[in-house]
2 protein chains.
Amino acid sequence: MLDNRKKRILQAIIEEYIQTAEPVSSGMLSKKYDLNISSATIRNDMAELEYANFLDKPHTSSGRVPSGKGYRYYVNELLKDNNITKQEMQYIKLKLEQKVNEIEDLTKIATSTLSELTHYTSLAIGGTAISHNIEDIKFVLLGNRVLMAVILTDGGLIKETIIKFNADITEEQVRNINQIFNANLRGKSLAKIDKPMEEYIVSEMSYELQIIKPIIEQINEAILQNDDIYLEGTNRIFEMPEFKSYETARNFLNVIDTKGLVKELLNTGQGEEIHISIGDENQYIELKNLSLITFKNIVEGKEMGTIGIIGPTRMDYSKVVSIIKYMLKELND
Amino acid sequence: MLDNRKKRILQAIIEEYIQTAEPVSSGMLSKKYDLNISSATIRNDMAELEYANFLDKPHTSSGRVPSGKGYRYYVNELLKDNNITKQEMQYIKLKLEQKVNEIEDLTKIATSTLSELTHYTSLAIGGTAISHNIEDIKFVLLGNRVLMAVILTDGGLIKETIIKFNADITEEQVRNINQIFNANLRGKSLAKIDKPMEEYIVSEMSYELQIIKPIIEQINEAILQNDDIYLEGTNRIFEMPEFKSYETARNFLNVIDTKGLVKELLNTGQGEEIHISIGDENQYIELKNLSLITFKNIVEGKEMGTIGIIGPTRMDYSKVVSIIKYMLKELND
DNA sequence: TTTAGCACTCTTGTTATCTGACTGCTAACG
DNA sequence: CGTTAGCAGTCAGATAACAAGAGTGCTAAA
């Protein structure tokens, strides 16, 4: 589709623009980059790239700026994903080797490390336990009418939840519940504790319905629940010239501050390993000038959370993707 | 110190400035407020108020702006704390009556409600359990080397923590631990589980030191721990003209984004019910143009967390204090 | 096909000017 | 003696005119 020279020019423009945030001119390119062609030739190619919608022009006599289509082409065809330094690798290793008590802390560490290295805002949401299997499930009576359920999954996730009753629960009953649930559920997939499973348990377990039922409901909720949004480096946007304008900064903060929106953003992009969504591609207009890169932190097939990077469309995709790929590799050790 | 007319003028200037964020002029005051004096007289008084440092003047021919000392005088002497509408009361009631499973959720709800009603950014940190007494303490074995301790306090706080061991723990041992800890600690104040208590337990409990010791350490940490910072309404700053400038917005976001700083801010102001810190009064230069109002959410003598409101020095102190006072009353029901 | 050269365009920064909103001061007033 | 009308003086902010500079598109030659 694009000849080699045009590809090189497009790549140079995008990389230059990512660095400087200024429209890129033909003269600049021919001087700074070793393309061995004159600015006039570059101008001709730029005109064609603009005609083909890979580039935009803020006004008649200005340099060129990559368009959404341009970025997409760059990400799909030209992106190098080994753009990572020794120091960065070491830093990631260092951070991820920290001792953590709960697996969710690892997601937090990964998120903050990502923000530190890329200088973009990063966000994360804890994983649901749905892809995990139950390894152990324990019930603890707190007071007389409050029961706490602690679920340990084979992925190492620990989910606690609290169930309140209207009547007193005896230690005897707790022992029964403990036994029944473990006998029936240990080793089973959590994905199955839903309606049909509930019926199964209720019928199989042959234990007082008014106790079993609220427990199952609450556990179900705890499994699906991933409400804790983790945000790191919100103030990083002030390092970037596109957010010097009041409107863009405001818009960005609005997106970040809307918890429901952040949750949805992190929960899209199911299939792929790393999901990149550039400006207009995003389904929310609020994000039309922003790009979002998300990936699931999957360790040994178990989902541990979703992490994302959000920044201007002029994002250093190469750096971000390189760092994420390395991090994913390290997380799996 | 100030005669009545000067007080009225100062109050009018502050309230006008809080509303408009524009320097207040003498002509404006004599027209809009029913002071029954001419603008010339107001000008004379304003000059004296400025000389006494209650007011500042951005430049020679501009109106007046309250100084830090002015706001302080207003807060101490002129502030009305019943500046709350029926609707606001109802809204607070409605929000606080929601069923919550954990007491900490109540702090979150209070925080977000506060931000919604005042239109300022609000922040909160969960309470340490230090002022509470132990009501129940349970240990749960998760896997072979992971022990979870769940502590229930008389204030209704539930603190969980995880202890990892290098050797396997038997169910037998867990039963022992359960018994020992409950026998020794139930009803005791959590403030006492520190070094001397540790020695006491170790000597009294006469149980394997290599098991007891890490448990006590970890529990101690869990009691003191209040790391979860809760932030609501960060984007609210964009509603306020003082943050239209890049620098002020950036500074604000930097403060908010620095978790350590936020923690410290919320942990100052011990004694009073409601602690107000205006601009310069604050010990951090980053906050010199900001005001902070904090209060501890104390229910029946037990600390449940600290909540704060942060905004420009031109904050609607009257409204914020009124709402907080009402909220505190409701929280205690 | 590539390139040098040049006219044309448009943004950005600078300076000058004008307008309007205030204040401070003076002198008159009750 | 406190209060007020009147007026000169000050300064921020808006507007316009202008100059400089960066870049493009096009033409014609290599």
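Shown above is the structure to which this text applies.
Asker: What is the right way to look at the packing of helix H5 (residues 86-96) of chain B against helix H6 (residues 103-118) of chain B in this model?
Answerer: Between two packed helices, both the angle of their axes relative to each other and the distance between the axes serve to describe the pair. All names here are of chain B. In contact at an axis separation of 10 Å, H5 and H6 are set at 155° when each is read in the N-to-C sense. If you check the angle between H5 and H6, you find them roughly antiparallel. Crossing geometry of H5 relative to H6 is assigned as right-handed. Contacts between H5 and H6 involve Glu88, Tyr91, Ile92, Lys95 and Leu96 from the first element and Leu106, Ile109, Ala110, Thr113, Glu116 and Leu117 from the second.

Asker: For this particular structure, what's the right way to read the packing of aromatic side chains?
Answerer: Each aromatic ring pair is characterised by the separation of its centres together with the angle its planes make. For the structure shown, the criterion picks out ten aromatic pairs over all chains. Pairing phenylalanine 54 of chain A with tyrosine 73 of chain A gives two aromatic rings, centres 5.4 Å apart and planes at 70°, and the pair type is edge-to-face. Note that phenylalanine 54 of chain A is positioned in the loop between helix H3 (39-51) and strand S1 (55-56) and tyrosine 73 of chain A in helix H4 (residues 68-78), a separation of 19 residues in sequence. Judged by its relative accessible area of 13%, tyrosine 73 of chain A is buried. Against the face of phenylalanine 54 of chain A rests lysine 69 of chain A, its NZ or CZ located 4.5 Å from the ring centre. Its guanidinium or amino end placed over the ring of tyrosine 246 of chain A, lysine 244 of chain B lies 4.9 Å from that ring's centre, counting from NZ or CZ.

Asker: Can you help me understand the pattern of salt bridges in this one?
Answerer: For side chains bearing opposite charge, pairing can occur when the charged atoms are close. Per the counting criterion, the structure on display carries 36 salt bridges over all chains. A salt bridge links glutamate 50 of chain B to lysine 57 of chain B; the shortest N-O distance between them is 4.0 Å. The exposure class of glutamate 50 of chain B is partly exposed, given its relative accessible area of 24%. Here arginine 186 of chain B makes a salt bridge to aspartate 136 of chain B, at a shortest N to O gap of 3.0 Å. Of the two residues, arginine 186 of chain B is situated in the loop between helix H7 (171-185) and helix H8 (195-205) and aspartate 136 of chain B in strand S4 (residues 134-142); the sequence distance between them amounts to 50 residues. Judged by its relative accessible area of 6%, aspartate 136 of chain B is buried. Connected via shared salt-bridge partners are Asp136, Lys138 and Arg186 of chain A together with Glu171 of chain B.

Asker: Could you clarify how one ought to interpret the protein's contact with DNA strand D in this entry?
Answerer: Around DNA strand D lies a shell of 21 residues, among which Ser26 of chain A together with Arg5, Thr41, Thr60 and Ser61 of chain B are the nearest. Considering the 4 Å shell around the protein, atoms of DNA strand D inside it are sugar or phosphate in 80% of instances. Residue arginine 43 of chain A places a side-chain N or O atom 3.1 Å away from a base nitrogen belonging to DNA strand D. Contact distances for DNA strand D include 2.9 Å between a phosphate oxygen and a side-chain N or O atom of lysine 57 of chain A. Those elements that place two or more of their residues in the surface near DNA strand D are H3 of chain A together with helix H3 (39-51) of chain B. Broken down by element, the residue count for the surface near DNA strand D peaks at four residues, all from H3 of chain B.

Asker: How do you make sense of the protein's contact with DNA strand C when you look at a structure like this?
Answerer: Close to DNA strand C lie 20 residues, the nearest being Arg5, Thr41, Thr60 and Ser61 of chain A together with Ser26 of chain B. In DNA strand C, atoms within 4 Å of the protein come 81% from sugar and phosphate. Between DNA strand C and the protein, one listed contact pairs a phosphate oxygen with a side-chain N or O atom of arginine 5 of chain A at 2.7 Å. Within the side chain of histidine 59 of chain A, an N or O atom sits 3.5 Å from a sugar or linking oxygen of DNA strand C. Secondary-structure elements contributing two or more residues to the surface near DNA strand C are H3 of chain A together with H3 of chain B. Looking at side-chain class alone, the surface near DNA strand C contains three nonpolar, twelve polar and five charged residues.

Asker: Any chance you could explain the nonpolar core here in plain terms?
Answerer: As a rule of thumb, nonpolar side chains are buried together in soluble globular proteins. Counting 141 residues, the largest nonpolar core has Ile9, Ile293, Ile310 and Tyr317 of chain A together with Ile293, Ile310 and Tyr317 of chain B as its most contacted members. The residues touching isoleucine 293 of chain A, leaving out its near neighbours within four places in the chain, are Ile274, His275, Ile276, Ile307, Gly308, Ile309, Met315, Tyr317, Val320 and Ile324 of chain A.

Asker: Where do I start with the sheet that holds S4 of chain B in this structure?
Answerer: Neighbouring strands of a sheet are bound in pairs by backbone hydrogen bonds; such pairs are parallel or else antiparallel. All names here are of chain B. One open sheet accounts for three strands, arranged S4-S5-S6; its pairing is antiparallel. Of all strands in the sheet, those bounded by a partner on one side alone are S4 and strand S6 (158-164). Direction aside, the axes of adjacent strands within the sheet are offset by 20° on average. Relative to strand S5 (residues 146-153), S4 is paired through eight bridges, and the arrangement is antiparallel. Note on S5: the bridge partner recorded for leucine 142 is valine 146.

Conventions adopted
- Residues numbered from 1 in each chain as written.
- Chains lettered and ligands numbered in written order.
- Predicted model: local features only at pLDDT ≥ 70, side-chain atom pairs only at ≥ 80, totals over all residues.
- Heavy atoms only, no water.
- Axes fitted to C-alpha atoms, helices over the stretch in contact; angles between N-to-C directions.
- Helix = DSSP H or I, 4+ residues; strand = E, 2+ residues; numbered from the N terminus.
- Parallel < 35°, antiparallel > 145°, perpendicular 65-115°, else oblique.
- Left-handed = near helix turned anticlockwise from the far one by under 90°.
- Contact = heavy atoms within 4.5 Å.
- Phe/Tyr/Trp six-rings, centres within 6.5 Å; stacked < 30°, edge-to-face > 60°.
- Buried < 20%, exposed > 50% of the residue type's maximum accessible area, 1.4 Å probe, protein only.
- Lys NZ or Arg CZ within 6 Å of the ring centre and 35° of its normal.
- Salt bridge = Lys/Arg side-chain N within 4 Å of Asp/Glu carboxyl O.
- Near = heavy atom within 4 Å.
- Polar contact = N/O pair within 3.5 Å; in protein donor to acceptor, adjacent residues only side chain to side chain.
- Nonpolar A, V, L, I, M, F, W, Y, C, P; charged D, E, K, R; others polar.
- Core = buried A, V, L, I, M, F, W, Y, C linked by side-chain atoms within 4.5 Å.
- Pairing = 2+ DSSP bridges.

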